[in-house]
Structure formats: structure tokens, C-alpha cells
Amino acid sequence: MKVRNKSGNENIKTSGTSGTRKIKDEPNDATSRICLALALVPMGRVVTYGSLAELAGLPRAARLVGQTLRKLPKDTRLPWHRVLNAQGKISLPEPGAERQKKRLENEGVTLLNGKVDLGIYLWPKPGEL
DNA sequence: GGAGTGACGGATG
DNA sequence: ACATCCGCCACTC
């Protein structure tokens, strides 16, 4: 039996009571919801950090998305490569940027001059969700 | 409990 | 279109 969640089981605990949380914490922590929202992104489509945060119910927490993705394990099945910044460009420094680009093109996402046309690939489109 | 941080975003120059 | 600055939010030390 393989451990699909090496730490997944309770990987994201601690922060529950981080303090900033005033009333009760919601069913899921922010990090968890970001992962869930990310899992919904269909292949061949992309989302921006900001929109993903919003989809996760965390408007304005775009940076959180970045920090969260940063912590993702290498073997994660989440489509982290479908996340781009609001400019339609890859934010990842160097190491992963190339891999991300390759994966995107592999899914049919065309990068023009290193940029993706969000008007076409951004998910969800109005009325689509 | 407090300060620093970041795979961002939007406004400005 | 590009570079810079400031603001945001939750996480980490």
C-alpha cells in the first residue's frame, strides 16, 4: 500500500488557530481550498493566481496561492502548471518555468512570446462555470 | 504575539 | 509596453 498522502492526511493543520482567524475556522484551511480549487482546473485551460484565489474563496490572496504552490510536493497531481500570473506569463523563476511551459504546450496551450492569451485559455469563462 | 515574506495585482511614472 | 511602488492575505520563523 502506498501512502498517497505522505503528509496529506494532516499536512495542513497547524495554521488552523493561527490567530488571525477570529470567529471559527471554516471547514477547510485556506491552503486546502486552494488545492481543491486548483484540482478543478480543466486541462488545456489556465487560471491566474488571483482568479484561483478568488475561486478558492480567498479574494486578494493571490500571493497565498503562490506560497501554497511553492510547497506542493514534486509528485503532486495538482495541475500547478496551469497557474499563471495576471499577465498570462509564468511567474516561476527559472528551474520550473521551462517545465511549466512545456506542460502547457503539451496540453494545447499556446504561448505567444512567452505569454498565454488569457482571453482564450483563462478558466472559467463567463457562463462556463 | 510580532515581524518578515512571497510562483501576485493594480496603479503609476 | 516596461519598470517601480504600494497594498493584500495567510503562512512561517
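Keep in mind it's a predicted model, so treat the numbers as computed, not measured.

Draft legend 1. Main features of the overall build of chain A. From N to C terminus, chain A includes five helices and four strands. Its helices and strands taken in sequence order, chain A reads α-β-α-α-β-α-β-β-α from the N to the C terminus. Within chain A, the proportion of its 129 residues that are buried is 35%. When the accessible surface of chain A is totalled, it reaches about 9100 Å², and 51% of it is carbon and sulfur.

Draft legend 2. Spotlight on the side chain of glutamate 107. Looking at the element boundaries, glutamate 107 is found in the loop between helix H4 (95-106) and strand E3 (111-112). Residue glutamate 107 is classed as buried on the basis of its relative accessible area, which comes to 15%. In this structure the side chain of glutamate 107 is engaged in a polar contact, spanning 2.8 Å, whose partner is the side chain of histidine 81. In this view, glutamate 107 contacts Met43, Gly44, His81 and Arg82; residues no more than four positions away in its chain are not counted.

Draft legend 3. How the structure looks around the protein's contact with DNA strand C. If you check the shell around DNA strand C, you find eight residues, and the closest are Thr31, Arg60, Arg63, Leu64 and Lys71. Sugar plus phosphate: this is where 67% of the atoms of DNA strand C within 4 Å of the protein reside. Residue arginine 63 places a side-chain N or O atom 3.0 Å away from a base oxygen belonging to DNA strand C. Lysine 71 places a side-chain nitrogen or oxygen 2.7 Å from a sugar or linking oxygen of DNA strand C.

Draft legend 4. How the structure looks around the confidence of the model for chain A. The share of residues in chain A with pLDDT of 70 or more is 78%, and the mean pLDDT across the chain is 81. Low pLDDT, under 50, characterises residues 1-25; the stretch is placed with nine contacts to residues that sit more than four places away or in other chains.

Draft legend 5. Structural view of the protein's contact with DNA strand B. Tyr49, Arg63, Gln67, Ala86 and Leu92 are the nearest of the 16 residues found near DNA strand B. For DNA strand B, the fraction of protein-proximal atoms (within 4 Å) that sit in sugar or phosphate groups is 43%. The backbone of glycine 50 places a nitrogen or oxygen atom 3.2 Å from a phosphate oxygen of DNA strand B. At 2.6 Å, a side-chain N or O of arginine 63 approaches a base nitrogen of DNA strand B. Those elements giving two or more residues to the surface near DNA strand B turn out to be helix H2 (49-55) and helix H3 (62-71). Ranked by the residues each element gives to the surface near DNA strand B, the list is headed by H3, at seven residues. Of the residues contributing to the surface near DNA strand B, the split by class is eight nonpolar, six polar and two charged.

Draft legend 6. Local environment of the side chain of threonine 48. As for its placement among the helices and strands, threonine 48 is situated in strand E1 (residues 47-48). At 2.9 Å, the side chain of threonine 48 and the side chain of serine 51 are in polar contact. Excluding residues within four positions of it along the chain, threonine 48 makes contact with Val83, Leu84, Asn85, Ala86, Leu118 and Leu122.

Draft legend 7. View of the environment of leucine 129. In this structure, leucine 129 sits in the segment after helix H5 (118-121). In this structure leucine 129 touches Leu55, Trp123 and Pro124, once residues within four positions along its chain are discounted.

Draft legend 8. Highlighting helix H1 (residues 30-39). Of the residues making up H1, those classed as buried are Ser32, Arg33, Ile34, Ala37 and Leu38. Its buried side turned inward, H1 meets H2, H3 and strand E2 (83-84).

How each quantity is defined
Residues numbered from 1 in each chain as written. Chains lettered and ligands numbered in written order. Predicted model: local features only at pLDDT ≥ 70, side-chain atom pairs only at ≥ 80, totals over all residues. Heavy atoms only, no water. Helix = DSSP H or I, 4+ residues; strand = E, 2+ residues; numbered from the N terminus. Buried < 20%, exposed > 50% of the residue type's maximum accessible area, 1.4 Å probe, protein only. Areas by Shrake-Rupley, 256 points an atom, 1.4 Å probe, with all protein chains shown as cover. Polar contact = N/O pair within 3.5 Å; in protein donor to acceptor, adjacent residues only side chain to side chain. Contact = heavy atoms within 4.5 Å. Near = heavy atom within 4 Å. pLDDT = per-residue confidence, 0-100. Nonpolar A, V, L, I, M, F, W, Y, C, P; charged D, E, K, R; others polar.

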